[in-house]
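Residues per chain are reported as follows:
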Amino acid sequence: MKFLTPLGLLGLLAIIALIIIYIIKPRYYKKPISSTFVWNLSLKYRKRRIPLQWLQKSLLFFIQVIIIILIAILLAKPSILIASNDGEKIIILDTSYSMNAKSNNKTRLDRAINELKDVVKDVNEENKLTIIIGNNQPEYLVRRETSKNYIEYVLSNVHSTYGECDFDAALLLANTVIDENPASRVYFYTDCEYENSGYVEVVNFQDNEWNVAVLEFDPAFENGYYTFKTKIGNYNKDASIKLLLELNDGKIKYEQDLNMQNNQEIELNWKDLNILDYTNAKLTILDQSNKNIDDSLKEDNEFYYQNLNNITYDVQLVGATNTFMNASLKSLGNVNLSLPKTGEEVVLEGKDFYVFDGYLPDTLPIDGTVWLINPKESHKDLEIVVGNEVEGDNVLLSENNESSIAKEIMNYVYPSDIKVTKYTKITNYNNYEVLITCDGNPVLLVGKHGNTKVVILALDLHYTTLPLSFNMVILTHNIFTYGVKNTIENSVYNVGDSVTLHTKPITEQLYVNDELEMDKLSFEDNVIINVSEPGIYNVHQSLTNNEEKDDYFFVRVSANESNYRYTRDVLAVDQYINLETGIV
């Protein structure tokens with residue numbers, strides 16, 4: 001038997017402390033009294049002594065010593081070695097992006113698979129083999145397999161990914177095999193060194209491949225201008241490189257030469273360019289002859305960033321309370337606001353957000369979100385019935401609604417702070433979601449007209465304290481962000497991420513990198529895709545008004561996969577198995 005954590009035996013020192021306590025504690029003294037005289041005299045006539053009578057005075061001490069010994073042994077985690085001649089192996093095969101690195105026309109993964117094929121030669125009933133594919137979602141390739149032909153067949157279909165290796169998840173799979181055969185040995189075929197790999201034997205297939213990479217690229221707005229913070233890494237040899245920064249689809253270009261030492265990382269900031277605005281930015285690593293760099297990994301040599309901060313939205317406000325709504329809409333900051341004057345034509349297409357206050361157009365727009373304030377009558381495009389106006393001193397109340405729409409629109413809005421003296425009664429609103437009520441009647445409702453989002457506020461802003469409170473600004477902001485969303489939420493994603501794409505109400509078809517993701521027969525507000533490869537992605541929407549809309553985002557590989565230089569301190573394993581034998 002061995003102890004997995006022998007430091008636990010230090011708990012035996014508590015025995016010394018116990019002895020010291022017994023030495024220094026006050027002793028009791030025997031003092032004869034008349035009532036005990038008869039009992040003491042009777043002891044002289046006892047025929048025989050009771051065995052182990054001496055324990056009576058020290059029984060508590062011995063019990064305490066035994067308890068301390070048992071606790072110390074438990075802390076030391078005793079392990080009994082099970083004798084076995086079984087040569088069963090568990091191999092976690094790293095298929096992360098860095099295993100793509102190539103030297104002598106072979107990648108690290110190629111070399112790992114070649115060594116695996118040598119292991120396969122020894123597979124039999126006594127030497128079973130488990131192979132776990134180590135990517136961001138590890139899985140068994142084979143589990144306790146004994147067929148050499150089958151293992152070789154499935155190995156021929158293994159390829160690397162662009163993600164990382166979730167070793168902890170892979171180890172959980174390995175431990176299920178260990179539960180069935182504690183004598184199994186665990187190997188990790190990877191490309192990193194570990195100072196402490198625990199019970200896992202690490203086999204490193206790195207071959208000093210050279211790599212230079214864009215580790216970070218972060219545009220920021222500082223002191224009225226855009227800057228571009230950059231981090232470049234160079235690993236396994238000295239290199240002279242050139243950085244090319246392109247703005248607005250290459251219309252503006254900047255270059256910078258770098259002489260980098262082996263295993264050096266450089267941070268630099270393009271901050272003196274006086275860039276007031278830009279549409280997109282692309283950073284590329286080139287060699288000194290302006291050609292693509294010829295290193296071992298290609299996908300980390302560029303970085304793309306689409307500027308989402310300069311996107312503006314077209315908003316039209318029509319109605320009687322322009323003063324209130326004008327201020328709230330302008331507070332959004334990124335809108336082009338149009339205010340048709342009396343007698344001017346009201347535009348019903350080409351806008352992202354329509355606000356009609358006390359006004360109902362003959363036909364509702366279908367290409368943007370519609371917010372109706374104080375509708376006076378029912379409308380053929382709305383599945384509601386507008387009733388009479390109700391007067392009286394009332395307070396608005398929030399409905400107990402836990403839907404995602406309610407949470408988005410009602411975030412930081414406090415209806416109980418708003419007083420109302422007149423509102424319009426709405427009936428027959430079955431297809432609408434009620435968010436705010438007044439005297440039990442709905443005053444804020446959310447629904448749809450076809451694919452168009454519709455929000456109804458059934459009260460006159462002149463007869464409420466809403467415009468006088470901060471709730472007005474917050475409510476306007478929440479309704480706007482609910483109804484108007486950019487196609488993409490972020491400029492940059494990681495390999496393996498799920499990307500939500502927000503379609504326009506009049507989207508007929510949506511393509512991602514020329515692949516059809518949605519058409520009008522299966523319209524959805526959101527389309528979710530999983531990105532498994534790095535690079536620039538194009539999101540193309542064909543609209544029913546014959547217009548086309550393009551958006552772009554970038555998928556990057558992890559900077560950890562590009563960094564060849566470091567030795568990780570600890571492989572994240574628990575002391576599940578004896579370090580020498582791999583046996584519990």
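Residues numbered from 1 in each chain as written. Predicted model: local features only at pLDDT ≥ 70, side-chain atom pairs only at ≥ 80, totals over all residues. Heavy atoms only, no water.

1. Topic: helix α3 (residues 59-75)
When the terminal C-alpha atoms of α3 are compared, their 25 Å separation across 17 residues agrees well with the 24 Å that a helix rising 1.5 Å per residue should span. Burial in α3 covers these residues: V65, I68 and A72. End-on, the buried residues of α3 take up no more than an arc of 60°, which puts them together on one face. Set apart from the buried face of α3 by more than 90 degrees, the exposed residues are L60, L70 and L74. Where α3 is buried, its residues meet α1 (13-24). (Helix = DSSP H or I, 4+ residues; strand = E, 2+ residues; numbered from the N terminus. Expected span 1.5 Å × (residues − 1). Buried < 20%, exposed > 50% of the residue type's maximum accessible area, 1.4 Å probe, protein only. Arc of directions from axis to C-beta. Contact = heavy atoms within 4.5 Å.)

2. Comments concerning the packing of aromatic side chains
Counting across every chain of the model gives 15 aromatic pairs. Between F303 and F554, the aromatic rings sit 4.9 Å apart at their centres with planes inclined by 40°, giving tilted as the arrangement. Within this pair, whereas F303 is found in strand β17 (residues 302-306), its partner F554 is found in strand β33 (residues 548-556), the two being separated by 251 residues in sequence. Residue classification places F303 among the buried residues on the basis of a relative accessible area of 4%. Take F554: its relative accessible area is 2%, and that puts it in the buried class. The ring of W210 has K237 lying over it, and the distance from NZ or CZ to the ring centre is 4.2 Å. A cation over a ring is seen here: K422 above Y463, with NZ or CZ 4.1 Å from the ring centre. (Phe/Tyr/Trp six-rings, centres within 6.5 Å; stacked < 30°, edge-to-face > 60°. Lys NZ or Arg CZ within 6 Å of the ring centre and 35° of its normal.)

3. Quick word on the confidence of the model for the protein
Looking at the protein, the pLDDT average stands at 87 and 88% of residues meet or exceed 70. For the stretch residues 575-584, pLDDT sits under 50, and the model shows 32 contacts to residues farther than four places along the chain or on other chains. (pLDDT = per-residue confidence, 0-100.)

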